[in-house]
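Chain residues, written in single-letter form:
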Amino acid sequence: MKIRIVQIFGFLFTVLGWIFVSCTMAMEYWKICGLGGLGGNNIISIIWYWSSLWRACYTDSTAVTDCIDFPVLWAVDNHIQIVRGLLISALVSGLLAIVLALIGMECTYIGGKEKIKHKFTFAGGVFHILSGLSSFSGYVVYANNVSGEYFNPAFQGLKFNLGTPLFLGWVGSMLCITGGIFYSIS
């Protein structure tokens, strides 16, 4: 009975983590920069620049948004290509891990004998851990690039801040790793 509870918690953690990571792929505001400010009685325009893995946009104070989609795969910066590759590989290996773990769980009636089911569960746990590490390293690569530009005094461009998808992705990666550890222990 205790093994089933650990496996169910592992399944809930890994599925929730996989959903978080997959949601961050489509989210906007990976990095944000706001220009403008308060001007007393004068009207000062504020412009927000933001970017995701798929496009870069700006929004002005009249709420008009203009976006430029990244044209082709090889026209994007190297760090964005690396992040895309790591996150897509994490999603694919996470999906494989969900299937393996679901077959190997003690509370399902798929997968054959108990010894074979334990192997499926362990393999699913290992794939979840690898998926979590892959997605976590993708978020770290992106955050390292953004913070490297931000803290570089010689950098002349816009200084961006980290956005919400990075933090949501880190939580999702940790949930995948935690659930994978639960599977491996069970």
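Because the structure is a prediction, the values reported are computed rather than measured.

Visitor: Honestly, the overall build of the protein chain in this entry has me stumped. Any pointers?
Guide: A tally of regular secondary structure across the protein chain gives four helices and five strands. Each helix and strand of the protein chain, placed in order from N terminus to C terminus, yields the pattern α-β-β-β-β-α-α-β-α. Dimensions of the protein chain along its principal axes, counting C-alpha atoms only, are 75 × 35 × 30 Å. Burial analysis of the protein chain (186 residues in total) assigns 33% to the buried set. Look at the contacts in the protein chain between residues 6 or more apart in sequence, and 61% of them connect residues 24 or more apart.

Visitor: Which parts of the structure should I look at to understand the sheet that holds strand 4 (residues 65-69)?
Guide: Backbone-to-backbone hydrogen bonds pair the strands of a sheet. The strands run either parallel or antiparallel. One open sheet holds the five strands; their spatial order is 4-3-2-1-5, and the pairing between them is antiparallel. A single partner strand is all that each edge strand has here, and the edge strands are strand 4 and strand 5 (161-162). Two strands pair when backbone bridges link them, and strand 1 (residues 31-35) and strand 5 are joined in this way by two bridges, in the antiparallel orientation. In the strand pairing of strand 5, Ile32 is matched with Asn161.

Visitor: Could you clarify how one ought to interpret a nonpolar patch on the surface in this entry?
Guide: On the surface, a cluster of nonpolar side chains totalling about 360 Å² of accessible area is made up of Ile5, Ile8, Phe9 and Leu12. Residue position: Phe9 is located in helix 1 (residues 2-26). You can call Phe9 partly exposed: its relative accessible area is 44%.

Visitor: Just to check I follow, could you spell out the packing of aromatic side chains for this structure?
Guide: Given two aromatic rings, one states the distance between the centres and the angle between the planes to describe the pair. Evaluated as defined, the whole model comprises nine aromatic pairs. With a centroid separation of 5.0 Å and an interplanar angle of 85°, the aromatic rings of Tyr150 and Phe151 are classed as edge-to-face. According to the relative accessible area criterion, Tyr150 is partly exposed, its value standing at 35%. With centroids separated by 5.5 Å and ring planes inclined at 65°, the aromatic side chains of Phe167 and Trp170 adopt a geometry described as edge-to-face. Of this pair, Phe167 and Trp170 both sit in helix 4 (residues 164-185), separated by three residues, roughly a single helical turn. On the basis of relative accessibility, which here comes to 45%, the residue Phe167 falls in the partly exposed class. Grouped by ring-pair contacts, the aromatic residues Phe9, Phe13 and Phe182 constitute a single cluster.

Reading guide: rules and limits
The residue count restarts for each chain, going from 1 along the sequence in the order it is written. Local features in this predicted model are restricted to residues whose pLDDT is 70 or higher, and side-chain atom pairs enter the listing and the counts only when it is 80 or higher, whereas totals over whole chains, interfaces and linings include all residues. To obtain the side-chain values, all non-hydrogen atoms of the structure were included, while hydrogens and water were left out. Strands are runs of DSSP state E lasting at least two residues, helices are runs of H or I lasting at least four, and both sets are numbered from the N terminus onward. A simple rule labels every residue: compare its accessible area, found with a 1.4 Å probe on the protein chains alone, to the largest value its type can have, and call it buried under 20%, exposed over 50%, or partly exposed in between. Residues count as neighbours in contact if any of their non-hydrogen atoms are within 4.5 Å of one another. At least two DSSP bridges between two strands are required for those strands to pair. Think of a patch as exposed residues, more than 30% relative accessible area, with no salt bridge, where like charges cluster within 9 Å and nonpolar side chains (Val, Leu, Ile, Met, Phe, Trp, Tyr) cluster within 5 Å. For accessible areas, the Shrake-Rupley method is used with a probe of radius 1.4 Å. Any residue's cover is judged against the shown protein chains and nothing else. Here, a salt bridge means any side-chain nitrogen of Lys or Arg that lies within 4 Å of a carboxyl oxygen of Asp or Glu. Only centres within 6.5 Å qualify two rings of Phe, Tyr or Trp (six-membered ring in Trp) as a pair; their planes then separate them into stacked at under 30 degrees, edge-to-face at over 60, and tilted for everything else.

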